[in-house]
Every structure is written in structure tokens, then in C-alpha cells.
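# Results of the structural survey
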Amino acid sequence: MKSKLLQNQRVCHCRECQKAIGTTFNARVLMRIEDVAISGPINTFHSTEALERGFCSHCGTTIFSRRVTAGVIGLTVGSLDDPSLFKPDMHFWVSSKQPWLEISDDLPQYLEGPPSLGY
Ligand SMILES: [Zn+2]
């Protein structure tokens, strides 16, 4: 997946993402909020003060995490029409990675947030 609209494509292993999504990690594409149009019924909640999460109020699918203060929104790859286009460039918060999960790619791994913060 290559687009000028994409800020980055990353995998977050933090506990907040694990709990919010209900699985092991959050594979997500990051975009500017103004480049994304969301239609249909969604509900939101704040998993942290700065991070709002949105999910489909019909089926419960987690769709996004939105950081308004930074102007960005992370879309969950599993909610995209074609998740196979996802090309991650790093793993972060691997200090919270589940011990049974083995990362076998050669992408950079960061124990906590990405060096540039990325959002
Ligand atoms: Zn996370």
C-alpha cells in the first residue's frame, strides 16, 4: 500500500491497543484526520486522555484510533477492504509484545514508542 495520504504503516504491541482491539497487536495505517471520511454508525471511547478509539456500532469492529491533538488517525488494517496491501515499516511497544508471539520479519523493533513518535 503506497499513497501520499499515508503517514506511515506500523504495528503497535502496546497493552492499550491489545485491550482496545481484543487481540495481540494493532496493525494500522496512519493518516491525517482531514484525509479520512468516515460514514456509517460508529461509537467512540477514550482509551487514554489523548487517544480516542472508534468502532462500528453494528458489528463492533474496531476501526480507528484518533489523536486529535496531533491531527492523525490510525485505521486498523483488519477493517480495510484489502488488508493484504498493508506493508508495515516497524514494530513498536515490543516491550509489551506477548511472549508467545515471534516476530520473524526484519523490520525495526522499538521497546516503546517509535523514535520520531510518528503521530
Ligand atoms: Zn498501541
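Scope of this entry: the structure provided in the associated data block. These numbers come from a predicted model, not from an experiment.

### Describing the overall build of the protein chain
If you tally the helices and strands in the protein chain, you get 1 helix and 8 strands. Counting from the amino terminus, helix and strand elements in the protein chain follow one another as β-α-β-β-β-β-β-β-β. The C-alpha atoms of the protein chain give 14 Å as radius of gyration, which agrees with the globular expectation for 119 residues (14 Å, within 12%). Dimensions of the protein chain, computed from C-alpha atoms along their principal axes, come out at roughly 35 × 30 × 30 Å. Residues classed as buried in the protein chain amount to 24% of the 119 residues present. Considering only contacts in the protein chain between residues 6 or more positions apart, those separated by 24 or more positions represent 48%.

### Observations concerning the sheet that holds strand E4 (residues 52-56)
In any sheet, the strands associate via hydrogen bonds between backbone groups, in a parallel or an antiparallel arrangement. If you walk across this open sheet you meet the 8 strands as E3-E4-E5-E6-E2-E1-E7-E8, and the pairing is mixed. Strands with a single pairing partner mark the edges of an open sheet, and in this sheet they are strand E3 (42-46) and strand E8 (109-110). Pairing of strand E7 (residues 91-92) with E8 involves 2 bridges; the strand directions are parallel. Within E8, the position partnered with Phe92 by the bridge is Tyr110.

### Quick notes on the nonpolar core
In this structure, Val11, Cys12, Cys17, Ile21, Phe25, Ala27, Phe92 and Trp93 together form the largest nonpolar core, which totals 8 residues. Broken down by secondary-structure element, the contributors of at least two residues to this core are strand E1 (6-12) and helix H1 (15-21). In terms of nonpolar packing, the next biggest core, distinct from the first, is built from 7 residues, Val29, Phe64, Val72 and Leu75 among them.

### Considering the pairing of strand E5 (residues 62-67)
Among the 6 residues in E5, 5 count as buried, and that is most of the element. One ladder, built from 4 bridges, connects E4 with E5; its direction is antiparallel. Opposite Gly54, over in E5, you have Phe64 as the bridge partner. Bridge count between E5 and strand E6 (residues 72-76): 4 bridges; the pairing is antiparallel. Opposite Phe64, over in E6, you have Leu75 as the bridge partner. Counted along the chain from E5 to the antiparallel partner E6, the turn is 4 residues long, and its residue Gly71 has a positive phi close to 75 degrees.

### Observations regarding unusual backbone geometry
If you check the backbone angles, Trp93 has positive phi at about 55 degrees while not being a glycine. Mapping Trp93 onto the fold places it in the loop between E7 and E8. Overall, the presence of 23 C-beta atoms within 10 Å leaves Trp93 in the buried class.

### Some thoughts on the pairing of E6
In terms of residue burial, E6 counts as a mostly covered element, since 5 of its 5 residues are buried. The side-chain alternation of E6 yields two buried faces, one formed by Val72, Gly74 and Thr76 and the other by Ile73 and Leu75.

Basis of the calculations
Residue positions within a chain follow its written sequence, with the count starting from 1. Local features in this predicted model are restricted to residues whose pLDDT is 70 or higher, and side-chain atom pairs enter the listing and the counts only when it is 80 or higher, whereas totals over whole chains, interfaces and linings include all residues. To qualify as a helix, a DSSP run of H or I must reach at least 4 residues; to qualify as a strand, a run of E must reach at least 2; elements of each kind are numbered from the N terminus. We compute the radius of gyration from the C-alpha atoms alone; for a globule the expected value is 2.2 Å times N to the 0.38, where N is the number of residues. Buried means a residue has 20 or more other C-beta atoms within 10 Å of its own C-beta, exposed means 12 or fewer, and partly exposed covers the counts in between; C-beta atoms are placed from the backbone. Here, residue contact means that the backbone-derived C-beta atoms of the two residues sit within 7 Å. Two strands qualify as a pair provided DSSP detects at least 2 bridges between them. Here, a nonpolar core denotes buried Ala, Val, Leu, Ile, Met, Phe, Trp, Tyr and Cys residues that are linked to one another through C-beta atoms within 7 Å.

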